[in-house]
Amino acid sequence: MTATESDTRLHSLLRALDGADNVLILTHNNPDPDAIASALAMKYLVQHVTSATATIGYRGIIGRAENRALVRYLEFPLQRVTLAEIDKAKTLIMVDTQPGTGNNPLTNERRIAAILDHHPKLDMPANADHVDIRPEIGAASTMLTQYVQAAELPLAQQLATALFYGISTDTMSLQRGTTNDDQKAFCALLPKVDFEAIARIETAALPQDYFSQLHKALRSARIYDSAVIASIGEMRYPDITADMADLLLRYRECRWAICLGVYKDTVYFSIRTQNKRGAGQLARKVVGSDGAAGGHGAMAGGQIPLNGRKSRNVINRLRKQFRLELGGSGKETGAKLV
Ligand SMILES: [Mn+2]
């Protein structure tokens, strides 16, 4: 990406924010490090290149111990917002997500100021004054780093550390869905990173229920050819399925790992694959019109609201579909992992 492209994008964003006085920056529900870092960088931009003030809002829960440690390190920059507060906000920016995807409260009907995202673009035209959707980019933090650089603003240690960690986690240290732009941003941030803070975040203390959910995931894991499928029942927070899928993917014989669970009347699942492709497609295929799905080649996820159905039935339906898609021989009962 050239400097001119970055400048053009920054100017388009600034035009979209012309006259704004309060900006609400929204990420996807249950924000991950990339979403948190991107929102923080957007707040920094808004407050330094426009005369507006900005707040960062999110829905859902920040559950993973690592994400909670990151938020603590950043001195709690996000606020949980109500749907009414989102409705009332005059100027809205979305980072690391798009309206209408189902992993945030916005539909595509509402016109918003800006969308900056690296997830696949939805089929409908984006309803925003500034639209920057680049699915090839590994992390939204890369895109935000480019904006801060184009604005020629200094990157303080805290923000650089957050953006660096956002790129690292979304790209698994630059090895998953990474472009030249991600590498450049990563290298530009590197000298400013507080690695002691990153070590503290990555080794954050885990609560007891992490281990009981890990136990459930392992006990339920079944092997179908090169796929491992696990479910953990009721979860304390939804992104535990992602943790477990990451772990299960490390099983030697595994090309695909899937973990399902239930949180607040919604079934969540995470898919990981060694094949580096097909995860997002699979997620969308099994969800169909029953819920929301998203993701990239190597990692994806979905959520299906129960709407009165028994979670066990929905999970069994999904497990069966995954088995038929990935199991090859289609055997009903896979071997136990442990
Ligand atoms: Mn992201």
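As the structure is a prediction and not an experimental result, all values here were calculated from the model. (Residues numbered from 1 in each chain as written. Predicted model: local features only at pLDDT ≥ 70, side-chain atom pairs only at ≥ 80, totals over all residues.)

The next thing to look at is the overall build of the protein chain. Of regular secondary structure, the protein chain possesses 12 helices and 13 strands. Taking 20 Å as the expected radius of gyration for a compact globule of 338 residues, we find that the protein chain reaches 20 Å, a close match to that expectation. In terms of its C-alpha atoms, the protein chain occupies a principal-axis envelope of roughly 60 × 40 × 35 Å. Residues counted as buried form 46% of the 338 residues belonging to the protein chain. Partitioning the contacts of the protein chain with sequence separation of at least 6, the portion at a separation of at least 24 is 63%. (Helix = DSSP H or I, 4+ residues; strand = E, 2+ residues; numbered from the N terminus. Rg over C-alpha atoms; globule rule 2.2 N^0.38 Å. Buried ≥ 20, exposed ≤ 12 C-beta atoms within 10 Å, placed from the backbone. Contact = placed C-beta atoms within 7 Å.)

Attention now moves to helix α6 (residues 157-170). With 14 residues, α6 extends 20 Å between its outermost C-alpha atoms, agreeing within 8% with the 20 Å of an ideal straight helix rising 1.5 Å per residue. Restricting attention to buried positions, one finds in α6 the residues Leu159, Ala160, Thr161, Ala162, Leu163, Phe164, Tyr165, Gly166, Ile167, Ser168, Thr169 and Asp170. The elements touched by buried residues of α6 are α2 (33-49), α3 (65-73), α5 (140-150), α7 (180-189) and α8 (195-202). At the C-terminal side of α6, Met172 shows a positive phi close to 45°. (Expected span 1.5 Å × (residues − 1).)

What follows is about the nonpolar core. Ranked by internal contacts, the top residues of the largest apolar core, which has 52 residues, are Ile25, Ala41, Ile93 and Leu163. Among all residues touching Ile25, those that are not within four sequence positions of it are Ala39, Met42, Lys43, Ala54, Ile56, Gly57, Ile93 and Val95. Membership of the second largest hydrophobic core comes to 43 residues, among which are Ala245, Phe269, Ala279 and Ala300. (Core = buried A, V, L, I, M, F, W, Y, C linked by C-beta atoms within 7 Å.)

Running from N to C, α5 and α7 cross one another at 60°; their axes reach a closest spacing of 9 Å. One finds that α5 runs oblique with respect to α7. Crossing of α5 over α7 shows left-handed handedness. Contact residues: α5 offers Thr142, Thr145, Gln146 and Gln149, while α7 offers Asp181, Asp182, Ala185, Ala188 and Leu189. Looking at side-chain class alone, the contact of α5 with α7 contains 3 nonpolar, 4 polar and 2 charged residues. (Axes fitted to C-alpha atoms, helices over the stretch in contact; angles between N-to-C directions. Parallel < 35°, antiparallel > 145°, perpendicular 65-115°, else oblique. Left-handed = near helix turned anticlockwise from the far one by under 90°. Nonpolar A, V, L, I, M, F, W, Y, C, P; charged D, E, K, R; others polar.)

What follows covers the packing of helix α1 (residues 3-16) against α5. In contact at an axis separation of 9 Å, α1 and α5 are set at 90° when each is read in the N-to-C sense. Put simply, α1 runs roughly perpendicular to α5. Two secondary-structure elements touch here, α1 through Ser6, Asp7, Arg9, Leu10 and Leu13 and α5 through Gln146, Tyr147, Gln149 and Ala150.

A separate point is helix α9 (residues 208-220). If you check α9, its first and last C-alpha atoms are 19 Å apart, about what 13 residues at 1.5 Å a residue would give, namely 18 Å. Inspection of α9 places Gln213, Ala217 and Ser220 among the buried residues, and these make up the whole buried set. The buried residues of α9 occupy an angular sector of 75° when the element is viewed end-on, so they sit on one face. Along α9, exposed side chains directed more than 90 degrees from the buried face belong to Gln208, Phe211, Ser212, His215 and Arg219. The elements touched by buried residues of α9 are β8 (227-234), α10 (240-248) and β9 (256-263). (Arc of directions from axis to C-beta.)

Moving on to the domain arrangement of the protein chain. Domain parsing of the protein chain yields domain 1 (3-202) and domain 2 (209-336). Placing the centre of domain 1 and that of domain 2 at their C-alpha centroids yields a distance of 27 Å. On the domain 2 side, the residues contacting the 13 residues of domain 1 number 15 residues. Residues of the side of domain 1 that touches domain 2, tallied by class, amount to 3 nonpolar, 7 polar and 3 charged. (Domains from an automatic or database assignment.)

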